[in-house]
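Notes for the structure review
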Amino acid sequence: MGAGGRMAVPSTPMKVESDPLKRVPCSKPPFTLSQVKKAIPPHCFERSVLRSFSYVVHDLTIAFIFYYIADTYIHQLPHPLSYLAWPVYWALQGCILTGVWVVAHECGHHAFSDYQWLDDTVGLILHSCLLVPYFSWKYSHRRHHSNTGSLDRDEVFVPKQKTAIGWYAKYLNNPLGRVITLTVTLTLGWPLYLAFNVSAAKGLVYVFCIYGGPLLVVNGFLVLITLLQHTHPSLPHYHSSEWDWFRGALATVDRDYGILNKVFHNITDTHVAHHLFSTMPHYHAMEATKAIKPILGEYYQFDGTPFYKAMWREAKECLYVEPDEGDQNKGVFWYRNKI
């Protein structure tokens, strides 16, 4: 792994964090990727097998405890309480399993260890348990990182231009329509197929309560996290005539999920650093983010809006993208919501 080190870089004005909707610059940055990297302490690029496995053990231990409590005690509760207890279990277990998904995500980026075979083995096992096709995801996710912010080549929540939005969009541009859109987006992101062989022994309802419910939460959070990382009124998207990798990687936003930041291993609030240095272990990403913020200045975007409010705001404000009228940079697109 490459190492960093302190050096002087061109100063950029710091972004006013009280105005998260202010547009980030879309011009070429006055700093280079190498300069950003050299501002990060060298140890942030070091991967530890023991430390990485400690997160696997931690998450799976908590997941097993939640499973044991649910399997042993929920069915003993009076029916009104058991109906309430299952959704609580789904939410808690789903959050923990989202953390497991994040660790497998680290493996896909070769950030788990110095050994590719170990990363792929751990990633395959963990993602398979969550019904994620690890290698297919790994290669498609790599294409996303290689083309972030490109309207032509990116593969993750690429916004449509106004001329491409469907005829039904104007009928969904209201509170009820947004509820429908968000519900479909967050619940149908994975194939609803839960008829495993284990259902012959315990029943399909049991499989859904123990396994399917938490997976729905995992899927919902994965879709939401990714959506909010790449959808924000302040972020530009680029046509191929303007796009380059560096500016595309900077066209992401760090979010605040409260206590869930730690549960999700900070994939939520260190996403900018992750897109710049995807092989960096998650347990160094917070330190790296603090190190690069002074250099990135206005090119760094953080929005502390609670995620449930941000989800609603982005569904309302970010319907399609268009260039600014009269702007010479016709290859730079910004979000709009007027249909």
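What comes next is a walk through the structure. Each chain has its residues counted from 1, running along the sequence as written. Per-residue local features are limited, in this predicted model, to residues with pLDDT of at least 70; the limit for side-chain atom pairs, both in listing and counting, is 80 or more; totals at the level of whole chains, interfaces and linings are taken over all residues. As a rule here, side-chain values come from all non-hydrogen atoms in the structure, and water together with hydrogens is ignored.

So, on to helix H9 (residues 204-230). Between its terminal C-alpha atoms H9 stretches 36 Å, which fits the 39 Å expected from 27 residues at 1.5 Å a residue. One fitted axis covers the seven residues ending at a residue, a second covers the seven starting there, and the bend at that residue is the angle between these axes. Per the convention used, a helix needs a DSSP run of H or I reaching at least four residues, while a strand needs a run of E reaching at least two, with both numbered from the N terminus. Remark: the principal bend of H9, roughly 40°, maps to Tyr-211, with a proline, Pro-214, within the next four residues. Most of H9 sits out of view: 19 of its 27 residues are buried. To estimate how far a helix should extend, the number of its residues minus one is multiplied by 1.5 Å. Residue burial is assigned from relative accessible area. The probe radius is 1.4 Å, only protein chains are included, and a residue is buried under 20% of its type maximum, exposed over 50%, and partly exposed in between.

Glancing now at the packing of aromatic side chains. Two rings belonging to Phe, Tyr or Trp (six-membered ring only in the last case) form a pair when the distance between their centres is within 6.5 Å. Interplanar angles under 30 degrees mark stacking, angles over 60 mark edge-to-face geometry, and anything in between is tilted. In this structure the tally under the stated criterion is 17 aromatic pairs. With a centroid separation of 5.0 Å and an interplanar angle of 85°, the aromatic rings of Phe-53 and Phe-112 are classed as edge-to-face. Residue Phe-53 is found in helix H2 (residues 49-73), and its partner Phe-112 is found in the loop between helix H3 (79-108) and helix H4 (116-129); the two are separated by 59 residues along the sequence. Classification of Phe-53 as partly exposed rests on a relative accessible area of 31%. Exposure remark for Phe-112: the relative accessible area of 2% places this residue in the buried category. In textbook terms, an aromatic cluster arises when at least three aromatic residues are bridged by ring pairs, as seen for Phe-221, Tyr-257, Phe-264, Phe-307 and Tyr-308. In this scheme, the term charge over a ring applies when either NZ of a lysine or CZ of an arginine sits within 6 Å of the ring centre and within 35 degrees of the ring normal. Positioned above the aromatic ring of Phe-45, the side-chain terminus of Lys-37 is 5.2 Å from the ring centre.

Below, the discussion takes up the pairing of strand S5 (residues 332-336). Here S5 lies mainly inside the structure; four of its five residues are buried. Strands were regarded as paired on the criterion that DSSP finds at least two bridges between them. Of the strand pairs in this sheet, strand S1 (residues 237-238) and S5 are connected by two bridges, and their pairing is antiparallel. Bridged to His-237 within S5 is Phe-333. The pairing of strand S4 (residues 320-322) with S5 spans three bridges and is antiparallel. Of the residues in S5, the one forming a bridge with Glu-322 is Trp-334.

Okay, H4 next. For H4, which comprises 14 residues, the first-to-last C-alpha distance of 20 Å matches the rise-based estimate of 20 Å (1.5 Å per residue) to within 8%. Looking at H4, one finds that the buried residues are Leu-118, Asp-119, Asp-120, Val-122, Gly-123, Leu-126 and His-127. The contact criterion used is simple: two residues touch if any of their non-hydrogen atoms lie within 4.5 Å. Contact partners of the buried residues in H4: H2, H3 and helix H5 (134-146). Positive phi shows up at Leu-131, right after H4, with a value of about 65°.

A few words on a nonpolar patch on the surface. Every patch collects residues that have over 30% relative accessible area and no salt bridge, joining them within 9 Å if they carry like charges and within 5 Å if they are nonpolar side chains (Val, Leu, Ile, Met, Phe, Trp, Tyr). To be clear on the numbers: accessible area is Shrake-Rupley with a 1.4 Å probe, and residue cover counts the displayed protein chains and nothing else. Take a side-chain nitrogen of Lys or Arg and a carboxyl oxygen of Asp or Glu: if they are within 4 Å of each other, that pair is a salt bridge. On the surface, a nonpolar cluster with roughly 520 Å² of combined accessible area is contributed by Phe-64, Ile-65, Tyr-68, Ile-69 and Tyr-73. Relative to the helices and strands, Tyr-73 resides in helix H2.

So, about the packing of H3 against H4. Helix packing geometry: the angle between the two helix axes and the distance between the axes. Every axis corresponds to a line fitted to the C-alpha atoms, with the helix fit spanning only the stretch in contact, and the corresponding angles, defined between N-to-C directions, vary from 0 to 180 degrees. It is the contact of H3 with H4, at a shortest axis distance of 8 Å, that shows an interaxial angle of 150°. Between H3 and H4, the crossing angle belongs to the class labelled roughly antiparallel. By crossing handedness, the relation of H3 to H4 is classed as left-handed. For the pair formed by H3 and H4, the contact residues are Val-100, Trp-101, Val-103, Ala-104, His-105 and Cys-107 on the first element and Gln-116, Asp-119, Val-122, Gly-123, Leu-126 and His-127 on the second. With respect to orientation, any angle under 35 degrees is reported as roughly parallel, any angle over 145 as roughly antiparallel, any angle of 65 to 115 as roughly perpendicular, and every other angle as oblique. It is the rotation of the near helix from the far one that decides the hand of a crossing: anticlockwise by less than a right angle makes it left-handed, clockwise makes it right-handed.

Axis separation between H2 and H3 bottoms out at 9 Å; the angle between their running directions is 160°. Viewed along their axes, H2 and H3 adopt a mutual orientation that is roughly antiparallel. Handedness of the crossing formed by H2 with H3: left-handed. Along its contact with H2, which presents Tyr-55, Val-56, Asp-59, Leu-60, Ile-62, Ala-63, Phe-66, Tyr-67 and Ala-70, the element H3 presents Trp-86, Tyr-89, Leu-92, Gln-93, Ile-96, Leu-97, Gly-99, Val-100 and Val-103. Partitioned by chemical class, the residues of the contact of H2 with H3 number 15 nonpolar, two polar and one charged. For this classification, Asp, Glu, Lys and Arg are treated as charged, while Ala, Val, Leu, Ile, Met, Phe, Trp, Tyr, Cys and Pro are nonpolar and the rest, including Gly, are polar.

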